[in-house]
Amino acid sequence: MSGTPVEVTRTGQHAFMAVNPRGGKVAIGREDAADSFTPGELLLAAIAGCSALTGENLLVRRLGQDAELTVRADRTKSPEEPHKFASVQVSFNYDLSGLSEPERSKLVEAVQRAVDKYCTVSRSVTEGTPVEVDLPR
């Protein structure tokens, strides 16, 4: 294994805590658990977060350091496969009113190219990265 490992530890019934090596923590639980994310919500957060981080420099360079940026990720579930997302939709929200139409088009295209090329999470999901599970015997 290489990279930055994330460890998930059981903290109670249907309750877990994910911790990264830098001390970041996030609670994981079922849909009815308060103050926690479901695993599916974490995947959506990872896709939205990766997209936001990837597009941020381009947007801030054109819109200014104080530019507000919100990225939302939602999913469509498959009726045939209820335990799988059929698709994920990512939408950016920012104010381009200070730019001309050609500037807007150029910026939107640049952000789309950057996300398509550099967003590790969405690229991994889209390309179907294999997941290897190691269970003790």
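Residues numbered from 1 in each chain as written. Predicted model: local features only at pLDDT ≥ 70, side-chain atom pairs only at ≥ 80, totals over all residues. Heavy atoms only, no water.

Per an unreviewed UniProt entry, the protein goes by Osmotically inducible protein OsmC and derives from Saccharopolyspora rectivirgula.

Asker: Please clarify how the environment of Asp-35 should be interpreted in this entry.
Answerer: Residue placement: Asp-35 occurs in the loop between strand 3 (25-29) and helix 1 (39-63). Residue class for Asp-35 comes out exposed when judged on its relative accessible area of 78%. Separated by 67 residues in sequence, Asp-35 and Pro-102 have C-alpha atoms that sit 43 Å apart. (Helix = DSSP H or I, 4+ residues; strand = E, 2+ residues; numbered from the N terminus. Buried < 20%, exposed > 50% of the residue type's maximum accessible area, 1.4 Å probe, protein only.)

Asker: What am I meant to see in the sheet that holds strand 2 (residues 15-19) here?
Answerer: The pairing of strands in a sheet happens through backbone hydrogen bonds and is either parallel or antiparallel. Sheet architecture is open: 3 strands sit in the order 1-2-3, paired in antiparallel fashion. Of all strands in the sheet, those with a lone pairing partner are strand 1 (7-12) and strand 3, marking the two edges. Direction aside, neighbouring strands of the sheet carry axes that sit 30° apart on average. Two strands pair when backbone bridges link them, and strand 1 and strand 2 are joined in this way by 5 bridges, in the antiparallel orientation. Pairing of Glu-7 across the sheet is with Val-19, part of strand 2. (Pairing = 2+ DSSP bridges. Axes fitted to C-alpha atoms, helices over the stretch in contact; angles between N-to-C directions.)

Asker: Where do I start with the pairing of strand 3 in this structure?
Answerer: Regular strands have side chains that alternate between both faces of the sheet. The pairing of strand 2 with strand 3 spans 5 bridges and is antiparallel. From the neighbouring strand, Phe-16 faces strand 3, where its bridge partner is Ile-28.

Asker: Quick question: what am I supposed to make of the nonpolar core here?
Answerer: A general trend in soluble globular proteins is that nonpolar side chains are found buried together. Formed by Cys-50, Leu-59, Leu-96, Leu-99, Leu-107, Val-111, Val-115 and Cys-119, the largest nonpolar core amounts to 8 residues. Counting only elements with at least two residues in this core, the list comes to helix 1 and helix 2 (101-118). Grouped together as the second largest cluster of nonpolar side chains are 5 residues, Leu-44, Ala-52, Val-71 and Ala-73 included. (Core = buried A, V, L, I, M, F, W, Y, C linked by side-chain atoms within 4.5 Å.)

Asker: How do you make sense of helix 2 when you look at a structure like this?
Answerer: Every α-helix carries 3.6 residues per turn, so stepping three or four residues along brings you back to the same face. If you check helix 2, its first and last C-alpha atoms are 25 Å apart, about what 18 residues at 1.5 Å a residue would give, namely 26 Å. Buried within helix 2 are the following residues: Leu-107, Ala-110, Val-111, Ala-114 and Val-115. Looking down the long axis of helix 2, one finds its buried residues gathered within 130° of arc, a one-sided arrangement. For helix 2, the exposed residues lying more than 90 degrees away from the buried face are Glu-101, Pro-102, Lys-106, Arg-113 and Lys-117. Where the residues of helix 2 are buried, they touch helix 1, strand 5 (85-93) and helix 3 (120-127). (Expected span 1.5 Å × (residues − 1). Arc of directions from axis to C-beta. Contact = heavy atoms within 4.5 Å.)

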